Amino acid sequence: MASLNVGNLGEYLREQRRNAQLSLRQLAEAAGVSNPYLSQIERGLRKPSAEVLQQVAKALRISAETLYVRAGILDAEREREECRREGATRAVILADPTLTERQKQVLLQIYESFRKENGVGIAQAGTADENDRVAPKAPDTDDAQDTDTPGPRTADDSDAGPRRDTRRPGRPA
């Protein structure tokens, strides 16, 4: 039987099992899998499911995520690169001197809504700019203020943002 490429998962499991001072039989019993199956995993002959990896991780008292990465279920490097790209996109928007603060926040809001729509989680609640100042996370589109009402103007006659409705719900205008 040919060895599967499971990212040195078997070697890692064997090392962790030995560090825990468990025999193959003891770990198999604790994880609820058969002894021959666990042996095949350690030798790289079988690629276990996420559920089996979770059971083995629990029995070894190690992170299941680590096993998922080693088995190729999770690609940690790809996730780190995606976080770097997201941070770079945010930094470029926040550093653009031609945009107002309001425009920057709207752009970030749109960016986050597209990422959510595409099923990508948002890694950070706020993002630091080049001076390590953290910009608050832009509100979801449902929480955004009504931008149809013109807001106050700044000294250079640019838009300072929408007026906030300070009325309490249920009170007349």
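Every chain is numbered on its own, with residues counted from 1 as its sequence reads. Given that this is a predicted model, residues contribute local features only at a pLDDT of at least 70 and side-chain atom pairs are listed and counted only at 80 or more, while totals for whole chains, interfaces and linings are drawn from all residues. Where side-chain values are given, they derive from all heavy atoms of the structure, hydrogens and water being excluded.

Student: Any details on the overall build of the chain? Residues and values, ideally.
Tutor: Runs of H or I in DSSP of at least four residues are treated as helices and runs of E of at least two as strands, each being numbered from the N terminus. Along the chain, the regular secondary structure elements total seven helices and two strands. From first element to last, N terminus to C terminus, the chain shows the α and β order α-α-α-α-α-α-α-β-β. We call two residues in contact when some of their heavy atoms are within 4.5 Å. Within the chain, contacts between residues at least 6 apart in sequence are counted, and of these 48% link residues at least 24 apart.

Student: Can you lay out the packing of helix α4 (residues 50-60) against helix α5 (residues 64-71) for me, pointing to particular residues and giving the numbers?
Tutor: Here α4 crosses α5 at 135°, and the two axes come no closer than 8 Å. Of the possible angle classes, the one that applies to α4 and α5 is oblique. Remark: the crossing between α4 and α5 carries right-handed chirality. Residues Ala-50, Leu-53, Gln-54, Val-56 and Ala-57 of α4 form the contact with α5, whose participating residues are Ala-64, Leu-67, Tyr-68 and Ala-71. In terms of residue class, the contact of α4 with α5 is built from eight nonpolar, one polar and no charged. The axes used here are C-alpha line fits, helices contributing only the stretch in contact, and every angle between their N-to-C directions lies in the interval 0 to 180 degrees. Angles below 35 degrees are treated as roughly parallel, those above 145 as roughly antiparallel, those between 65 and 115 as roughly perpendicular, and all remaining angles as oblique. Note on convention: the crossing is left-handed when the near helix lies turned anticlockwise from the far helix by less than a right angle, right-handed when the turn is clockwise. Three residue categories are used. Nonpolar comprises Ala, Val, Leu, Ile, Met, Phe, Trp, Tyr, Cys and Pro, charged comprises Asp, Glu, Lys and Arg, and polar comprises the others, including Gly.

Student: Quick rundown of the packing of aromatic side chains? Include the residues and the values.
Tutor: We describe a pair of aromatic rings using the distance from one ring centre to the other and the angle between the two ring planes. Centre distance within 6.5 Å is the pairing criterion for rings of Phe, Tyr and Trp, where only the six-membered ring of Trp is used; planes under 30 degrees apart are then read as stacked, over 60 as edge-to-face, and the remainder as tilted. Tallied over the entire structure, the rule returns zero aromatic pairs. Directly above the ring of Tyr-12 sits Arg-70, whose terminal nitrogen or CZ lies 3.9 Å from the centroid. Over a ring means this: the NZ of a Lys or the CZ of an Arg is within 6 Å of the ring centre and within 35 degrees of the ring normal.

Student: Can you lay out the nonpolar core for me, pointing to particular residues and giving the numbers?
Tutor: For our purposes a nonpolar core is just a set of buried Ala, Val, Leu, Ile, Met, Phe, Trp, Tyr and Cys residues, chained together by side-chain atoms within 4.5 Å. Residue exposure (1.4 Å probe, protein chains only): buried if accessible area is under 20% of the type maximum, exposed if over 50%, otherwise partly exposed. Ranked by size, the top nonpolar core spans 19 residues in total, and within it Leu-9, Leu-13, Val-33, Leu-38, Leu-53, Val-56 and Leu-67 carry the most contacts. Those elements that provide at least two residues to this core are α1 (9-19), α2 (24-31), α3 (35-42), α4 and α5. Sort the elements by how many residues they give to this core and α4 lands first, with five residues.

Student: Lay out the side chain of Glu-86 in plain terms, naming residues and giving numbers.
Tutor: Structurally, Glu-86 is set in helix α6 (residues 76-95). Polar contact criterion, stated in full: a pair of N or O atoms within 3.5 Å, where within protein one must be able to donate a hydrogen and the other to accept it, and residues adjacent in sequence count only if both atoms are side-chain atoms. One polar contact links Glu-86 to Arg-90, side chain to side chain, over a distance of 2.9 Å.

Student: Residues and numbers for a nonpolar patch on the surface, please.
Tutor: Patch membership requires over 30% relative accessible area and the absence of a salt bridge. Like charges are linked within 9 Å, and nonpolar side chains (Val, Leu, Ile, Met, Phe, Trp, Tyr) within 5 Å. Areas reported here follow the Shrake-Rupley algorithm with a probe of radius 1.4 Å; residue values treat only the protein chains shown as occluding. The term salt bridge refers to a pairing of a side-chain nitrogen on Lys or Arg with a carboxyl oxygen on Asp or Glu at a separation within 4 Å. Nonpolar side chains collect at one region of the surface, where Val-106, Ile-110 and Phe-114 lie side by side and expose about 250 Å² of accessible area between them. Looking at where Ile-110 falls in the secondary structure, it is placed in helix α7 (residues 101-117). We classify Ile-110 as partly exposed; its relative accessible area is 37%.

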